[in-house]
Amino acid sequence: MPLQLSAQSQQQAIASIERYFREHMDEPIGNVAAGGLLKFFVEEIGPALYNQGVADAQQNLQARLAELDVEVYH
């Protein structure tokens, strides 16, 4: 299942990319180009970030379950 951003999140991300280019690059980036760059990042990097988030959540839940098991045992 491909990752998708809400319309509001996508607009905010595009605005952030445009701001980054204004502040850090020699040339500004247009709205369409920023949208294309965002699409690339979401498709290429997004899955790795998503998977890391899921792994972190699983680890957190496992730690909490272990704590709960100790509390129930007492």
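Look a little higher up for the structure.
The structure contained in this document is the topic of the report that follows. All residue numbers here refer to positions counted from 1 along the written sequence of the relevant chain. It should be noted that, the model being predicted, local features are given only for residues of pLDDT at least 70 and side-chain atom pairs only at 80 or more, the latter also being counted only at that level, while totals for whole chains, interfaces and linings use all residues. Heavy atoms throughout the structure, all of them, feed into the side-chain values; hydrogens and water do not.

This paragraph deals with the pattern of salt bridges. Any carboxyl oxygen of Asp or Glu that lies within 4 Å of a side-chain nitrogen of Lys or Arg is treated as forming a salt bridge with it. Overall, the coordinates contain 2 salt bridges when judged by the stated rule. The closest approach of N and O atoms between Glu-43 and Lys-39, which form a salt bridge, is 3.8 Å. Here the residue Glu-43 and the residue Lys-39 both occupy positions in helix α2 (residues 31-44), the gap between them amounting to 4 residues, near one helical turn. Only protein chains enter the accessibility calculation, which uses a 1.4 Å probe; a residue is then buried when its area is under 20% of its type maximum, exposed when over 50%, and partly exposed in between. The partly exposed category is assigned to Glu-43, whose relative accessible area is 48%. In this structure Lys-39 comes out as exposed when scored by relative accessible area, which is 53%. Only DSSP runs of H or I reaching four residues or more are called helices, and only runs of E reaching two or more are called strands; each is numbered from the N terminus.

So, about helix α1 (residues 7-24). With 18 residues, α1 should cover 26 Å at 1.5 Å per step; its first-to-last C-alpha distance of 26 Å lies within 8% of that length. Every buried residue of α1 is accounted for by Ile-14, Ile-17, Glu-18 and Phe-21. Axial view of α1: buried residues confined to an arc of 95°, hence all on one face. In this structure, α1 carries Gln-8, Glu-23 and His-24 as exposed residues pointing more than 90 degrees from its buried face. It only takes one pair of heavy atoms within 4.5 Å for two residues to be counted as in contact. At its buried positions, α1 is contacted by α2. Multiplying one less than the number of residues by 1.5 Å gives the expected span of a helix. Working definition: the arc comes from the directions between the helix axis and the C-beta atoms, pointing outward to the latter.

Shape descriptors only; they carry no functional weight alone.
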